[in-house]
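Fold and contact review
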Amino acid sequence: MSAPRHIVLYDGECSLCTFQMKLLTWLDWCHIVRLVPIADAEVARLAPTLTREALLEAIHCLASDGVIHRGARCLRFVGLRMPLLDRKSTRLNSSHTDI
């Protein structure tokens, strides 16, 4: 049985979001994420606590352990699990240690 995948919710109408998802698809060699556009009817079942407004404001990752990561934290969380992004994700986080 394969490991549970993390679910990334994104705005399929947003060109920046769809570009980022295309990049994640190319880099996701280990198939750790499942990408779901927020227009998909399944989103209401997957993330009942997230409002449409919240989903439109930022990308969200529903981690397999139930934790929800939002915005840049979502990308960092996913990036740390992808071999090609691991080093860059760590560097992105270390530049904001004073926050």
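All of these numbers come straight from a predicted model, not from anything done at the bench. Residue positions are counted from 1 within each chain, in the order its sequence is given. Local features in a predicted model are, by the rule used here, given only for residues with pLDDT of at least 70; side-chain atom pairs are given and counted only at 80 or more, and totals for whole chains, interfaces and linings are based on all residues. To obtain the side-chain values, all non-hydrogen atoms of the structure were included, while hydrogens and water were left out.

**Focus on the pairing of strand E1 (residues 6–10)**
Judged by how many residues are buried, E1 sits mostly within the fold: five of five residues are covered. By the alternation rule, side chains of E1 split into His6, Val8 and Tyr10 and Ile7 and Leu9, which are all buried. Should DSSP find at least two bridges between two strands, the strands are taken to pair. A helix here means a DSSP run of H or I that spans at least four residues, while a strand means a run of E at least two residues long, and both kinds are numbered starting from the N terminus. One ladder, built from five bridges, connects E1 with strand E2 (residues 33–37); its direction is parallel. By the bridge assignment for E2, Leu9 is matched with Val36. The parallel pair E1 and E2 is bridged by helix H1 (residues 15–27), and the resulting crossover is right-handed. In terms of strand pairing, E1 meets strand E3 (residues 60–62) through three bridges, oriented antiparallel. By the bridge assignment, Leu9 is partnered in E3 with His60. Relative accessibility under 20% of the residue-type maximum defines a buried residue, over 50% an exposed one, and the middle range a partly exposed one, all with a 1.4 Å probe and only protein chains included. Here a crossover is taken to be right-handed if, once the strands point away from the viewer, the path from the first strand over the helix to the second is traced clockwise.

**Thoughts on the side chain of His6**
Here His6 is to be found in strand E1. Among the polar contacts listed, one links the side chain of His6 to the backbone nitrogen of Ser64, at a separation of 3.0 Å. In this description, contact between two residues means that some pair of their heavy atoms is separated by no more than 4.5 Å. What His6 contacts, discounting residues up to four positions off in sequence, is Ile32, Val33, Arg34, Cys61, Leu62, Ala63, Ser64, Phe77 and Arg81. Residues adjacent in sequence count toward polar contacts only when both atoms are side-chain atoms; beyond that, a polar contact is any pair of N or O atoms within 3.5 Å, and within protein one must be able to donate a hydrogen and the other to accept it.

**Some points on the pattern of salt bridges**
In what follows, salt bridge is the name for a side-chain nitrogen of Lys or Arg lying within 4 Å of a carboxyl oxygen of Asp or Glu. Inspection of the entire model under this criterion finds three salt bridges. With its nearest N and O atoms 2.3 Å apart, the salt bridge here joins Arg34 to Glu42. Between Arg70 and Glu57 there is a salt bridge whose closest N-O contact spans 2.9 Å. With a gap of 13 residues between them, Arg70 in strand E4 (residues 68–70) and Glu57 in helix H3 (residues 52–57) connect regions that are remote in the sequence. One salt-bridge network, in which partners are shared between bridges, spans Arg34, Glu42 and Arg45.

**Focus: the confidence of the model for the protein chain**
Low-pLDDT stretches of the model should not have their predicted coordinates read in fine detail. Here pLDDT means the predictor's own confidence in every residue, given as a number from 0 to 100. Mean pLDDT for the protein chain: 85, with 80% of residues reaching 70 or above. Across the protein chain, E3 holds the top mean pLDDT of 97, while helix H5 (residues 86–94) sits lowest at 52.

**Focus: the sheet that holds E2**
With mixed pairing, the four strands of this open sheet are ordered in space as E2-E1-E3-E4. Each edge of the open sheet carries a strand with a single partner, namely E2 and E4. Averaged over all neighbouring strand pairs, the angle between strand axes comes to 20°, with direction disregarded. Relative to E4, E3 runs antiparallel, the two being bridged by three bridges. Bridging across to E4, Leu62 finds its partner in Ile68. Simply put, an axis is a line fit to the C-alpha atoms, just over the touching stretch for a helix, and the angle between two N-to-C directions goes from 0 to 180 degrees. The sheet strands contacting H1 are E1 and E2, and the helix crosses E1 at an angle near 155°. Contacts from helix H4 (residues 72–79) reach E1, E2, E3 and E4 within the one sheet, and its direction differs from that of E4 by about 115°.

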